[in-house]
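Fold and contact review
Chain residues, written in single-letter form:
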Amino acid sequence: EHLSLSNPLEGPDGQWTFIGEASGEPKYLLSYHQDTWQGFQAPLETKLRHFWIDAVGNGWATSYNGLFAINLDQEQLIASTEVEAGLFFDVITDGQGQAWLATNEGVVCQSANYWEKDPSLSEDETVYDMAQGADGDSWLASESALVAWSTGRTDRRGPHEDRP
């Protein structure tokens, strides 16, 4: 069967995760590690958009309006209440098991044992998209600005601000 892969996210130890799609079928949660593919088909109603594995080996996924913990051994999705946001737009990972979620309530960071809102944004600022630069910096697009994070420094550029 031919699957279209989307939203690659790097996990610990060189593992990569993807969402796989085939026309007219539920989405697949796929991981690739050391020349081995693993995966399972998600329930049709979840409409997953992102899938990643954290530093301790737990699986996570988001749909547009939900966060799910994944029991990888039993191929089971469990709705999570770890993050209070109602909408999930994007996810980036650092390859070490840490993830950042773009939500309608700002950016939420997931580390090994906790979830935390990023304090550099206002609490109710919607973040729609995130990307990682080649030199390790991160970029995000919020409803009011383009924000660049780089080694503890945050630069905001609104649409009406002077360019550097």
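Coordinates for the structure precede this section.
In this report, the structure presented in the accompanying data block is examined. (Residues numbered from 1 in each chain as written. Predicted model: local features only at pLDDT ≥ 70, side-chain atom pairs only at ≥ 80, totals over all residues. Heavy atoms only, no water.)

1. Points about unusual backbone geometry
Even without glycine at this site, Lys47 takes up a positive phi of about 50°. Mapping Lys47 onto the fold places it in the loop between β4 (36-41) and β5 (50-53). Even without being a glycine, Glu75 presents a positive backbone phi close to 50°. Relative to the helices and strands, Glu75 is located in the loop between β7 (66-71) and β8 (76-79). Given a relative accessible area of 47%, Glu75 falls into the partly exposed group. (Helix = DSSP H or I, 4+ residues; strand = E, 2+ residues; numbered from the N terminus. Buried < 20%, exposed > 50% of the residue type's maximum accessible area, 1.4 Å probe, protein only.)

2. Here we look at the side chain of Ser80
Its place among the elements puts Ser80 in the loop between β8 and β9 (88-93). By relative accessible area, Ser80 is classed as buried at 17%. In terms of polar contacts, Ser80 uses its side chain to reach the backbone amide nitrogen of Glu82, at 3.1 Å. The residues contacting Ser80, other than those within four sequence positions of it, are Trp60, Leu67, Phe68 and Ala69. (Polar contact = N/O pair within 3.5 Å; in protein donor to acceptor, adjacent residues only side chain to side chain. Contact = heavy atoms within 4.5 Å.)

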